[in-house]
Amino acid sequence: VLNNAYLVLFPEVILVLLLVCQSGDRIRVFRFLKGLFTLYAIGVLCFIIYPAIGPCLYYPESLDPTQANVQLIQGMLHDYHAAAGNGEPLIGYGYFIAIPSLHVMVALYLQRCLISFPGLYRVFLPVNLILIVSTVILGYHYILDALVAILLMGAWMVLQKSFRI
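So, here's what we can say about the structure. (Residues numbered from 1 in each chain as written. Predicted model: local features only at pLDDT ≥ 70, side-chain atom pairs only at ≥ 80, totals over all residues. Heavy atoms only, no water.)

This part takes up the overall build of the protein. Helix and strand counts for the protein come out as seven helices and zero strands. What you see in the protein, going N to C, is helices and strands ordered as α-α-α-α-α-α-α. Relative to its full complement of 165 residues, the protein shows a buried share of 39%. Taking all contacts inside the protein whose residues are at least 6 apart in sequence as the whole, residues at least 24 apart take part in 71%. (Helix = DSSP H or I, 4+ residues; strand = E, 2+ residues; numbered from the N terminus. Buried < 20%, exposed > 50% of the residue type's maximum accessible area, 1.4 Å probe, protein only. Contact = heavy atoms within 4.5 Å.)

Okay, structure coming up:
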């Protein structure tokens, strides 16, 4: 269940994007994409300022190989070292940002975007809550990573209180 919540995030992004696109309003589509990519920019900026990695990379032996995707973790660890300057090329597993948790930020963002769709809002609420909890339980992030993501999203939502897709 916990890993499945992680796996649902990308299809949820696509679903929300399709819902926004079906409105036919280019401004809504632009705002959605701008918001999504802003979250990633915040994550990258935080990584540039404070290059931390999550527990799954710092302590890869702590992961249960029957539950975790070991190849993914090894690829992320490789790309982290490549980005840190060991001279090796990146191989495409760039998800090594620890603080804030981008998964938590995106899950909260998508949940906020689904307010306009009450049925889907209720369907995805438990999925996104499980995702937030699973980031810590599965060892992908420290508690602080998730808390910082929640605080940043809370602040952003207050600043964007009129934001509605």
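What follows deals with the packing of aromatic side chains. Across all of its chains, the model carries two aromatic pairs by this definition. Ring plane angle 20 degrees and centroid distance 5.7 Å describe the contact between phenylalanine 32 and tyrosine 109, whose orientation is recorded as stacked. Residue phenylalanine 32 is located in helix α2 (residues 26-49), and its partner tyrosine 109 is located in helix α5 (residues 102-113); the two are separated by 77 residues in the primary sequence. Its relative accessible area of 1% is what places tyrosine 109 among the buried residues. Ring centres 5.4 Å apart and planes at 35 degrees place the aromatic pair tyrosine 109 and tryptophan 156 in the tilted group. Taken together, the positions of tyrosine 109 in helix α5 and tryptophan 156 in helix α7 (residues 143-159) put the pair 47 residues apart, joining distant regions of the chain. Here the two residues tyrosine 109 and tryptophan 156 agree in accessibility, since each one is buried. (Phe/Tyr/Trp six-rings, centres within 6.5 Å; stacked < 30°, edge-to-face > 60°.)

We now examine the side chain of serine 101. Within the secondary structure layout, serine 101 lies in the loop between α4 (70-83) and α5. A distance of 3.2 Å separates a polar side-chain atom of serine 101 from the backbone nitrogen of valine 104. Excluding its chain neighbours within four sequence positions, the residues that come into contact with serine 101 are Thr135, His141, Asp145, Ala146 and Ala149. (Polar contact = N/O pair within 3.5 Å; in protein donor to acceptor, adjacent residues only side chain to side chain.)

In this structure, valine 127 sits in helix α6 (residues 118-137). Valine 127 gets classed as partly exposed once you look at its relative accessible area, which sits at 23%. On a C-alpha basis, the gap between valine 127 and leucine 9 in space is 8.8 Å, while along the polypeptide they are 118 residues apart. If we ignore the near neighbours within four places in the chain, the residues touching valine 127 are Ala5 and Val8.

What follows is about the nonpolar core. In this structure, Val16, Phe32, Leu39, Val106, Tyr109 and Leu110 are the most contacted members of the largest nonpolar core, which totals 32 residues. Looking at which element gives the most residues to this core, the answer is α5, with eight residues. (Core = buried A, V, L, I, M, F, W, Y, C linked by side-chain atoms within 4.5 Å.)

Turning to its location among the elements, aspartate 145 is positioned in helix α7. For the buried aspartate 145, no salt bridge exists, and the shortest N-O distance to an oppositely charged side chain is 24 Å, to arginine 112. Sequence-distant contacts of aspartate 145, that is, excluding residues within four places in its chain, are made with Ala98, Ile99, Pro100 and Ser101. (Lys, Arg positive; Asp, Glu negative; His and termini not counted. Salt bridge = Lys/Arg side-chain N within 4 Å of Asp/Glu carboxyl O.)

Moving on, we come to the packing of α2 against α5. In the contact formed by α2 and α5, the axes pass within 10 Å of each other and the chain directions differ by 160 degrees. One finds that α2 runs roughly antiparallel with respect to α5. Considering how the two elements wind past one another, α2 and α5 form a crossing that is right-handed. The segment α2 lies against α5, with Arg31, Phe32, Gly35, Leu36, Leu39, Tyr40, Ile42 and Gly43 engaging Leu102, Met105, Val106, Tyr109, Leu110 and Cys113. For the contact of α2 with α5, the residue count by class is eleven nonpolar, two polar and one charged. (Axes fitted to C-alpha atoms, helices over the stretch in contact; angles between N-to-C directions. Parallel < 35°, antiparallel > 145°, perpendicular 65-115°, else oblique. Left-handed = near helix turned anticlockwise from the far one by under 90°. Nonpolar A, V, L, I, M, F, W, Y, C, P; charged D, E, K, R; others polar.)

What follows concerns α2. Relative to the 34 Å expected for 24 residues at 1.5 Å per residue, α2 spans 34 Å between its end C-alpha atoms, a close match to the ideal helical length. All of the buried residues along α2 are Arg28, Val29, Phe32, Gly35, Leu36, Leu39, Gly43 and Phe47. Its side-chain oxygen 3.0 Å from the backbone nitrogen of isoleucine 27, aspartate 25 forms the N-cap of α2. (Expected span 1.5 Å × (residues − 1).)

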